[in-house]
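# Analysis of the macromolecular model
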Amino acid sequence: MRDTEPRLSLWNITKKYPGCIANKNVTLDVQPGEIHALLGENGAGKSTLMKIIYGVTHADSGSIIWEGHEVDIKLPTDARKLGIGMVFQHFSLFETLSVAENIALAMSDEEPLGITELSTKIIEVSTKYGMPLEPDRLVHTLSVGERQRLEIVRCLIQDVKLLILDEPTSVLTPQEVDKLFDVLRTLSAEGCSILFISHKLNEVKALCHKASVLRQGEMVGDTDVDTASVDTLASMMVGEQTKLEQEYEKVLGSETALSITKLNYFTSDPFGVNLKNISLEIRKGEILGIAGVAGNGQEELFSILSGEIQIQQKQALTINQQDIGALNPAQRREFGMSYVPPERNGRGAVEDFSLEENALLTNNIGNKFGKLNLKGIKQFANDIITTFNVKCHNSKTAASNLSGGNLQKFIIGREILQEPTVLIAAHPTWGVDFGSSKAIQESIIELRNNGAAVVVISEDLDELFQISDRMCALFHGRISPVKPATDVSIEEVGRWMAGVFDEQEAAA
Amino acid sequence: MNFKIEKRAEASELMRWLSPFIAIGATLVITTLFFLALNKSPLEVFYNFFIAPVQDLYGVSELAVKVAPLMLIAAGLLICYKANIWNIGAEGQFIFGGLIGGWAGLQFLDVNSPWVLVPVMLAGVVAGAAWAGIAAFLKTVFNTNEILTTIMLNYVALNLLNFAVHGPLRDPAGFNFPESAMFNSSAAMPIIWQDTRMHLGIIIAVIACIGVWFILSRMHLGFRIRVRGADEHAARFAGFNAKAITWFCLLISGALAGLAGVIEVTGPIGQLTPSISPGYGYAAIIVAFLGRLHPIGIIFSATLMGLLYLGGELVQMFLGLPMALTSLFQGLLLLFILAGDLLITHRFVPKWKKPKADEVPNALAEGAK
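Numbering of residues starts from 1 in each chain and follows the order in which that chain's sequence is written. Lettering for chains starts from A, numbering for ligands starts from 1, and both go in the order in which the items are written. Residue-level local features of this predicted model are given only where pLDDT is at least 70; pairs of side-chain atoms are given and counted only at 80 or more, and the full residue set underlies all totals for whole chains, interfaces and linings. Computation of side-chain values: all heavy atoms of the structure, hydrogens and water removed.

It is worth spelling out the interface of chain B and chain A at this point. Contacts are assigned to residue pairs that have any heavy atoms within 4.5 Å of one another. Contact residues are listed per partner, giving 30 residues for chain B and 34 residues for chain A. A buried area of about 2,600 Å², summed over both sides, lies between chain B and chain A, and 65% of it is on carbon and sulfur atoms. Any carboxyl oxygen of Asp or Glu within 4 Å of a side-chain nitrogen of Lys or Arg constitutes a salt bridge here. Put simply, chain B and chain A have one salt bridge between them. A salt bridge links E357(A) to R226(B); the shortest N-O distance between them is 2.6 Å. We define a polar contact as two N or O atoms separated by no more than 3.5 Å, with the added condition that, inside protein, one atom must be a possible hydrogen donor and the other a possible acceptor, whereas residues neighbouring each other in sequence contribute only through side-chain atom pairs. Where chain B meets chain A, there are six residue pairs in polar contact (both at pLDDT 80 or more). Elements with a contribution of two residues or more to the side of chain B that touches chain A: β1 (3-7), α7 (201-218), α8 (220-230), α9 (232-238) and α14 (362-368) of chain B. No other element matches the six residues that α8(B) contributes to the side of chain B that touches chain A. The classification used treats Ala, Val, Leu, Ile, Met, Phe, Trp, Tyr, Cys and Pro as nonpolar, Asp, Glu, Lys and Arg as charged, and all other residues, Gly among them, as polar. Considering only residue class, the side of chain B that touches chain A consists of 15 nonpolar, five polar and 10 charged. A quick way to say it: buried area is the sum, across both parts, of accessible area lost when two parts are put together, with a 1.4 Å probe. Strands are runs of DSSP state E lasting at least two residues, helices are runs of H or I lasting at least four, and both sets are numbered from the N terminus onward.

In structure tokens form, the structure reads like this:
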């Protein structure tokens with residue numbers, strides 16, 4: 001592949017947004033038939049670079065060379081004419097239209113196809129690649145995996161030469177991921193180039209030929225995936241050598257701290273998920289990991305546990321046999337509960353407020369007659385900062401000036417230093433660099449060792465296996481069986497995430 | 001020309017402090033052009049507006065009379081605005097407080113005890129709070145937008161006042177003028193400067209500002225109010241009761257406006273008339289913003305706004321310019337303050353212009369260290 005002309009070359013692409021440089025002098029070559037990974041942490045500039053290639057936004061300087069000719073891609077239609085297709089992280093589909101209608105909308109006007117002809121072609125293309133699709137189905141009835149198929153088929157139908165996939169696996173179960181990889185390998189064998197954006201190293205290792213790594217907007221290097229180890233790739237991404245896998249001791253608790261009994265919840269949010277007959281026991285001295293693809297009821301379950309959503313069944317939640325279903329989040333904290341929400345700014349912390357004020361958000365320390373104990377608050381904020389090694393100017397710094405990982409450490413620290421007896425944490429290390437992730441995981445383990453009951457809700461299976469003592473999964477608002485992490489395989493959890501479990505067994 | 005508005009990387013702290021002064025400067029420039037067009041000497045107008053009113057001690061005392069209600073109302077509005085509750089109804093709360101307080105005052109026309117003051121003032125406070133309470137009820141129960149309900153209630157209060165002074169509360173000995181009887185002086189705030197109209201209200205207003213400052217920056221209640229205003233999700237996550245905060249803010253703000261109303265009616269005005277407020281409730285909104293939504297800032301901005309009212313009267317008397325000039329000044333001030341607020345956090349960029357190449361963002365620079 002080396003001797004041929006690259007299908008796509010990027011030359012010194014620079015793109016600035018106010019307050020950040022998304023891409024700085026990025027240079028990249030993609031060969032025909034190559035599966036090329038673009039690696040980088042959240043905010044490294046991957047998505048911006050792809051949007052530039054696809055014509056969604058424009059570079060401030062630099063050039064794009066397509067099959068040996070410099071091109072000016074003004075709009076996605078220009079990109080599609082060249083043969084570039086893109087599958088976005090957030091799908092761009094019309095839910096009320098059918099599969100065929102959605103594809104028709106993306107077709108160029110120059111060679112209009114009737115909907116029946118198009119339907120035949122959809123069936124032809126989708127079966128050829130092993131991604132069956134029914135052209136007449138309405139999109140809102142499709143599962144997330146099927147929607148992604150539709151997006152890919154929409155690109156394939158137009159004879160793509162370069163397919164860009166932005167974090168395609170983040171919404172898929174492990175089994176669906178395997179299927180997707182088969183499709184991508186077939187495409188690559190036919191000569192289609194693929195740009196695969198990800199921050200999951202194992203997937204890159206399994207699928208890709210080459211990998212280019214972006215860090216803070218700059219291309220730090222590219223490497224042949226075959227010769228590079230996962231650890232090398234990781235250190236290229238974060239810029240420091242960190243051990244990726246950390247083994248923690250597994251223990252099983254005995255006494256129940258928090259229990260959920262036959263919880264049903266019907267959401268009024270049209271995009272929400274109903275929870276069906278959920279029963280869980282969260283035990284002292286144990287970490288329960290709840291896996292699941294995003295949007296299967298995690299948000300609802302978290303908010304019900306925290307008290308942000310009030311439920312009708314006031315008896316469904318108890319902590320040490322006391323009903324807490326009717327209490328608000330602040331009252332539940334007095335029972336020793338504590339939460340780390342999925343959103344940092346705008347839920348776990350107030351952006352414009354100082355760290356001291358954010359420390360006060362969930363810990364009403366030493367206030368007499370409603371008057372603030374300013375000294376105590378400052379002391380508490382500084383305790384968090386030193387104990388959890390939060391990098392910041394001082395405790396008066398606004399939360400918005402902290403990086404995501406540092407703010408997450410601050411929030412986790414705020415909750416853990418209050419010595420909760422039950423901690424509910426959603427995505428505790430999402431988008432956090434490796435060093436901070438390790439620190440966060442260790443503090444959660446330590447909390448468990450001190451006898452607290454911990455629930456970790458996450459989409460990251462690797463992490464869940466790493467820290468959980470028992471595991472289960474959420475699918476369409478239902479909960480799978482709960483098994484000790486040592487007795488369950490990643491494949492079995494994958495099946496749970498896809499809804500393959502016996503509810504009788506789960507309820508038992 | 002095609003411009004887009006984009007967020008600045010960092011808002012300038014200096015500009016945050018300077019912007020009220022820039023707004024005042026810009027207002028002076030625009031009004032200068034305006035007076036030149038009217039063939040009036042701008043210097044003479046400004047002299048009459050800003051200097052002549054406070055040239056003697058009597059002027060200063062009159063200024064205090066105007067500043068007291070503005071400061072009281074603005075202190076209450078500040079609490080609402082910090083919680084992101086947009087109470088535009090201080091005018092109505094002021095009028096209703098004045099009306100009910102006035103009605104209470106009329107019950108004690110023949111009583112000369114200093115204790116009369118207590119029920120009269122209390123009536124005004126409760127009435128103002130109740131009027132704001134209607135908006136709080138509608139918001140917490142039906143999720144009604146408080147901007148709309150409070151504005152509408154302003155007109156309801158004004159019409160109630162008109163009805164009262166034309167009907168049930170009209171002075172039987174008043175030759176059918178739409179006015180109530182004159183109040184007994186014991187229903188009015190005590191005069192604190194002999195031979196002037198300056199009354200205790202100004203002291204109460206300053207105390208209210210300090211109290212509001214204390215609540216907002218030293219009490220957990222104030223913290224809850226600020227979190228509710230800055231971030232509703234964070235407030236819910238923290239477990240702060242949004243409805244209770246809404247009620248508290250609107251009731252306090254209504255109570256202070258109502259107090260300002262009754263003080264004004266029983267004191268400087270002395271009777272109920274169809275026009276007991278020269279728009280204090282609206283001007284106080286400008287006071288709150290010009291004072292940077294800070295209690296101490298309000299003390300200064302209320303003084304400036306009071307001066308505008310006083311100056312407006314003088315300019316009308318001596319230069320024959322319309323009283324509406326005061327509104328013109330107020331409107332321009334508000335416009336420039338809001339424009340300034342936008343430009344502190346955002347900037348205009350021509351659509352074709354690309355970002356400057358040498359702007360190294362702070363986040364990256366810090367990350368590199």
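In this section: the pairing of strand β7 (residues 162-166) of chain A. On any regular strand, side chains alternate: one points to one face of the sheet, the next to the other face. All names here are of chain A. Only protein chains enter the accessibility calculation, which uses a 1.4 Å probe; a residue is then buried when its area is under 20% of its type maximum, exposed when over 50%, and partly exposed in between. Of all five residues making up β7, five are buried, and the element is well covered by its neighbours. Neither face of β7 is exposed, since L162, I164 and D166 on one face and L163 and L165 on the opposite face are all buried. Bridge analysis of strand β6 (residues 84-87) against β7 gives four bridges, and the strand direction is parallel. Counted as the bridge partner of G85 is L163 from β7. For two strands to count as paired, DSSP must find a minimum of two bridges between them.

Next up on the list: the packing of helix α3 (residues 57-82) of chain B against α7(B). Residues and elements named next belong to chain B. Lines fitted to the C-alpha atoms define the axes, with helices restricted to the stretch that makes contact. Angles between their N-to-C directions range from 0 to 180 degrees. Axis separation between α3 and α7 bottoms out at 8 Å; the angle between their running directions is 20°. If you check the angle between α3 and α7, you find them roughly parallel. The two elements α3 and α7 meet at a crossing, and its hand is left-handed. Contacts from A64, V67, A68, M71, L72, A75, L78, I79 and K82 in α3 reach G201, I202, I204, A205, V206, A208, C209, V212 and L216 in α7. In terms of residue class, the contact of α3 with α7 is built from 16 nonpolar, one polar and one charged. In these notes the angle categories are as follows: under 35 degrees is roughly parallel, over 145 is roughly antiparallel, 65 to 115 is roughly perpendicular, and the rest is oblique. Crossing handedness is read from the near helix: turned anticlockwise from the far helix by less than a right angle, it gives a left-handed crossing, and turned clockwise, a right-handed one.

Quick look at the packing of aromatic side chains now. Side-chain rings of Phe, Tyr and Trp (the six-membered ring for Trp) are treated as a pair once their centres are within 6.5 Å; stacked means planes under 30 degrees apart, edge-to-face means over 60, and tilted covers the remaining angles. All told, the structure shown has 20 aromatic pairs over all chains when counted by the stated rule. Pairing F302(A) with Y339(A) gives two aromatic rings, centres 6.5 Å apart and planes at 75°, and the pair type is edge-to-face. Taken together, the positions of F302(A) in helix α9 (residues 298-306) and Y339(A) in strand β16 (residues 337-340) put the pair 37 residues apart, joining distant regions of the chain. Its relative accessible area of 0% is what places Y339(A) among the buried residues. The interplanar angle of 25° and the centroid separation of 4.2 Å between the aromatic rings of F96(B) and W131(B) together place this pair among those described as stacked. Of this pair, F96(B) sits in helix α4 (residues 90-106) while W131(B) is found in helix α5 (residues 117-142), placing the two residues 35 residues apart along the sequence. Relative accessible area serves as the criterion here: at 7%, W131(B) is assigned to the buried category. A network of ring pairs unites the aromatic residues F34(B), F35(B), F46(B), F49(B), F50(B) and F329(B) as a single cluster. If you follow R333(A) out to its NZ or CZ, it ends over the ring of F237(B), 5.2 Å from the centre. A cation over a ring is seen here: R226(B) above F353(A), with NZ or CZ 5.4 Å from the ring centre. Two limits define a charge over a ring: the Lys NZ or Arg CZ must be within 6 Å of the ring centre, and within 35 degrees of the ring normal.

Turning our eyes to something else, we now look at a nonpolar patch on the surface. All names here are of chain B. There is a patch of nonpolar side chains on the surface, built from I147, L148, I151, M152, Y155, L158 and Y282 and spanning about 620 Å² of accessible area. Relative to the helices and strands, I151 is located in helix α6 (residues 146-166). Taking the relative accessible area as the measure of exposure, I151 reaches 30% and is therefore partly exposed. Exposure above 30% relative accessible area and the absence of a salt bridge qualify a residue for a patch, where like charges join within 9 Å and nonpolar side chains (Val, Leu, Ile, Met, Phe, Trp, Tyr) within 5 Å. The method behind every accessible area is Shrake-Rupley, applied with a 1.4 Å probe, and residues are considered shielded solely by the protein chains displayed.

Below, the discussion takes up the layout of surface pockets. Regions of empty space are outlined by a rolling probe, equal in size to a water molecule, passed over the atoms. Here the second largest pocket defines a volume of roughly 870 Å³. Buried and open spaces are told apart on a 1 Å grid over the protein atoms alone, a cavity being a set of points where a 1.4 Å probe fits but cannot get out and a pocket being an open set with protein on both sides within 12 Å along at least five of seven lines. Residues with an atom within 4 Å of a point are the lining residues. E308(A), E232(B), H233(B), R236(B) and A242(B) are the residues nearest the centre of the second largest pocket, which is lined by 31 residues in total. Contributing elements (two or more residues each) for the lining of the second largest pocket: α9 of chain A together with α5, α9 and α10 (242-269) of chain B. Considering only residue class, the lining of the second largest pocket consists of seven nonpolar, 13 polar and 11 charged. Grid points are joined across faces, edges and corners, and a volume is the space filled by probe spheres set on the points.

Expected helix span is taken as 1.5 Å per residue step, with the number of steps being one fewer than the number of residues. For helix α12 (residues 295-319) of chain B, spanning 25 residues, the distance from its first C-alpha to its last is 35 Å, which sits close to the expected 36 Å at 1.5 Å a residue. Note on α12(B): the residue one or two positions beyond its end, G320(B), has a positive phi of about 70°.

The next point concerns the pattern of salt bridges. All names here are of chain A. Applying the stated rule across the entire model yields 26 salt bridges over all chains. Among the ionic pairs, K74 bridges to D72, the shortest N-O distance being 3.5 Å. Sharing partners across several salt bridges, the network here consists of E299, E308, E343 and R347.

Residue and element names in this part refer to chain A. Tallying each qualifying case throughout the model produces one cavity of 30 Å³ or more. Quantified by volume, the largest cavity comes out at close to 30 Å³. Considering the residues around the largest cavity, the lining is formed by E167, T169, S170, I197, S198, H199, K200 and E203. Here the residues of the lining of the largest cavity sort into one nonpolar, four polar and three charged.

Much of the literature gives interface size as the accessible area that the parts lose upon coming together. Residue and element names in this part refer to chain A. How far each domain reaches was decided by an automatic or database domain assignment. According to the domain assignment, chain A contains domain 1 (8-238), domain 2 (250-336 + 421-508) and domain 3 (345-419). Each partner contributes to the interface: domain 2 provides 15 residues, whereas domain 3 provides 10 residues. Of the roughly 1,000 Å² buried at the junction of domain 2 and domain 3 (both faces included), carbon and sulfur atoms supply 61%. Three residues stand out in domain 2 for area buried against domain 3, namely R333, I440 and S443, and they jointly supply 34% of the buried area on that side. Here E299 makes a salt bridge to R347, at a shortest N to O gap of 3.0 Å. Run the count over domain 2 and domain 3 and you get four residue pairs in polar contact (both at pLDDT 80 or more).

Below, the discussion takes up the nonpolar core. Proteins that are soluble and globular tend to have nonpolar side chains buried together. As used in this record, nonpolar core signifies buried Ala, Val, Leu, Ile, Met, Phe, Trp, Tyr and Cys residues forming a set joined through side-chain atoms within 4.5 Å. Counting residues in each nonpolar core, the largest one holds 110 residues, and the members touching the most others are I73(B), Y81(B) and V227(B). The element contributing the most residues to this core is α3(B), with 15 residues. Membership of the second largest hydrophobic core comes to 49 residues, among which are V139(A), I194(A), V204(A) and M236(A).

On to the environment of G306(B), then. All names here are of chain B. Checked against the element boundaries, G306 lands in helix α12. For G306, a relative accessible area of 0% gives the class buried. Other than its neighbours up to four places away in sequence, G306 contacts L63, K66, V67 and L70.

All names here are of chain A. Ordered by their spatial adjacency, four strands build an open sheet running β12-β11-β14-β15, and the pairing between neighbours is antiparallel. In the strand order of this sheet, the two ends are held by β12 (275-283) and β15 (322-323), each with one partner. Bridge count for strand β14 (residues 317-319) against β15 is two bridges, and the pairing is antiparallel. Considered in β15, the bridge of T318 is made with D323. Strands in contact with α9 are β11 (256-265), β12 and β14; relative to β11, the strand with the most contacts, it is inclined by about 125°.

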